[in-house]
Amino acid sequence: MDFVVIFFLVCGLVFFTGGAVGILRFPDFYSRLHPAGKLDTMGSLLMMGALSLYNLHHFTLGNMLTSLKIILIVAFVFLSSPTAIHGIVDAGMRAGLGPWTKGDRRR
Amino acid sequence: MKAAGLLIVILTGGLLIYATADFPPWAYPQSPASTHVSPRYIEKSIEETAVPNVVTAVLADYRGYDTMFETTVIFAAGVACFLLLRIRVEEGPEEQLFRHSLTGMTIRIKDGRKAPSDLEEFERIDAHWVPQDLIIKTVCRILIPFIQLFALYVIAFGHHSPGGGFQGGVILGASVIVLAMSHDLRSSLQRMGEKVNALLCAAGVLIYAGTGALCLAMGENFLDYGILAPLFRCDPVMARSNGIFMVEIGVGIAVMATMIRIYNNVSSAGRYDEGL
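**Some remarks on the overall build of chain A**
Then step 1. Helix and strand content of chain A: three helices and zero strands.
Then step 2. When its helices and strands are written in sequence order, chain A yields α-α-α.
Then step 3. A compact globule built from 107 residues should have a C-alpha radius of gyration of about 13 Å, whereas chain A, at 18 Å, is more than 25% larger.
Then step 4. Based on the C-alpha atoms only, the size of chain A along its principal axes is roughly 55 × 25 × 10 Å.
Then step 5. Within chain A, buried positions represent 25% of all 107 residues.
Then step 6. Separation between the mean location of the 9 positive side-chain charges and that of the 5 negative ones in chain A comes to 6 Å.

Here you go:
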């Protein structure tokens, strides 16, 4: 059980690190939103899943309820975070910001 | 006149800054607040009000008067926003645009002719119409019931955990604002119109003040919920807990309606058309 939890935590950490590096290093608005929307969602999904699993070490009804709540958080983050990023990208397009192409300056 | 105003502001500010010198030092254990008031709240609130969350007990019971006027301030903010921003739009001889929601076809009704009333599959749009996004619409439709459920939980659970009327009311208002943002202001106004909103806003404050007045009518001090025990059919301690709950419901309704009203007025610049 512990190994599974550690595996998921490390995986989540890898995704979060990738997301953070991507937000810092990518050249423009749209490409920076890409890791912010995808990798952070995946990272939080894995880490929260690991935590809810770890919480079930002593299997009681109370622990079960807490795990269920964590799973609910995961579900709502999974729904809302990519949608928010989608809305932001849409607003950027509508405001007239063009995408970055190779050779442009970093923005 | 301006100079006199500036002088008054500077004088008052200076006076206030001068008065801060008399404050007890930061986190001073012998300050009056920490010697009499706080220990009493911490030790006695659960015996006297049966509310485990001390903050809620202080907010809605011991200092209920204060919170009542906080609610009134929120109400006043909503009314002020309405008075400043709301404008009357003449439905004049300009044209009206309608869009068929299935095919996307648009029709235009010119010269102030009345639109037929059976335009059920058509929705009214503006000239500077912003396309709606299917993804955002769908996700918001899925999420809004959960947001509202959570808001009710926060209002009802303020006795035991962080939460209460203000927080729950804000979440409840946010759920309607999310609807207005993901669809448009017209579809949110269909669900909660301007009149309903204004009535709810006033009803929240009325519930709060009415609970206080009820205590007064039954022969106790204003907002002293213990006397309401016969109404709730329980002992006076539990009655205080229930009284706090009633008050929290009033706060929640008032805050929700005010949030929605401020959003409606600001986002459509007082015209109540399509909004953002």
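**Overview of the packing of helix H4 (residues 64–85) of chain B against helix H10 (residues 236–267) of chain B**
All names here are of chain B.
Then step 1. Contact geometry for H4 and H10: axes closest at 9 Å, N-to-C directions at 20°. One way to sum up the angle between H4 and H10 is to call them roughly parallel. Seen along the crossing, H4 lies across H10 with a hand that is left-handed. Contacts between H4 and H10 involve Thr71, Ile74, Phe75, Gly78, Val79, Cys81, Phe82 and Leu85 from the former and Val251, Ala254, Val255, Thr258, Arg261, Ile262, Asn265 and Val266 from the latter.
Then step 2. Class assignment of the residues belonging to the contact of H4 with H10 gives a composition of 11 nonpolar, four polar and one charged.

Rules and cut-offs
- Residues numbered from 1 in each chain as written.
- Chains lettered and ligands numbered in written order.
- Predicted model: local features only at pLDDT ≥ 70, side-chain atom pairs only at ≥ 80, totals over all residues.
- Heavy atoms only, no water.
- Helix = DSSP H or I, 4+ residues; strand = E, 2+ residues; numbered from the N terminus.
- Rg over C-alpha atoms; globule rule 2.2 N^0.38 Å.
- Buried < 20%, exposed > 50% of the residue type's maximum accessible area, 1.4 Å probe, protein only.
- Lys, Arg positive; Asp, Glu negative; His and termini not counted.
- Charge placed at Lys NZ, Arg CZ, Asp CG, Glu CD.
- Axes fitted to C-alpha atoms, helices over the stretch in contact; angles between N-to-C directions.
- Parallel < 35°, antiparallel > 145°, perpendicular 65-115°, else oblique.
- Left-handed = near helix turned anticlockwise from the far one by under 90°.
- Contact = heavy atoms within 4.5 Å.
- Nonpolar A, V, L, I, M, F, W, Y, C, P; charged D, E, K, R; others polar.

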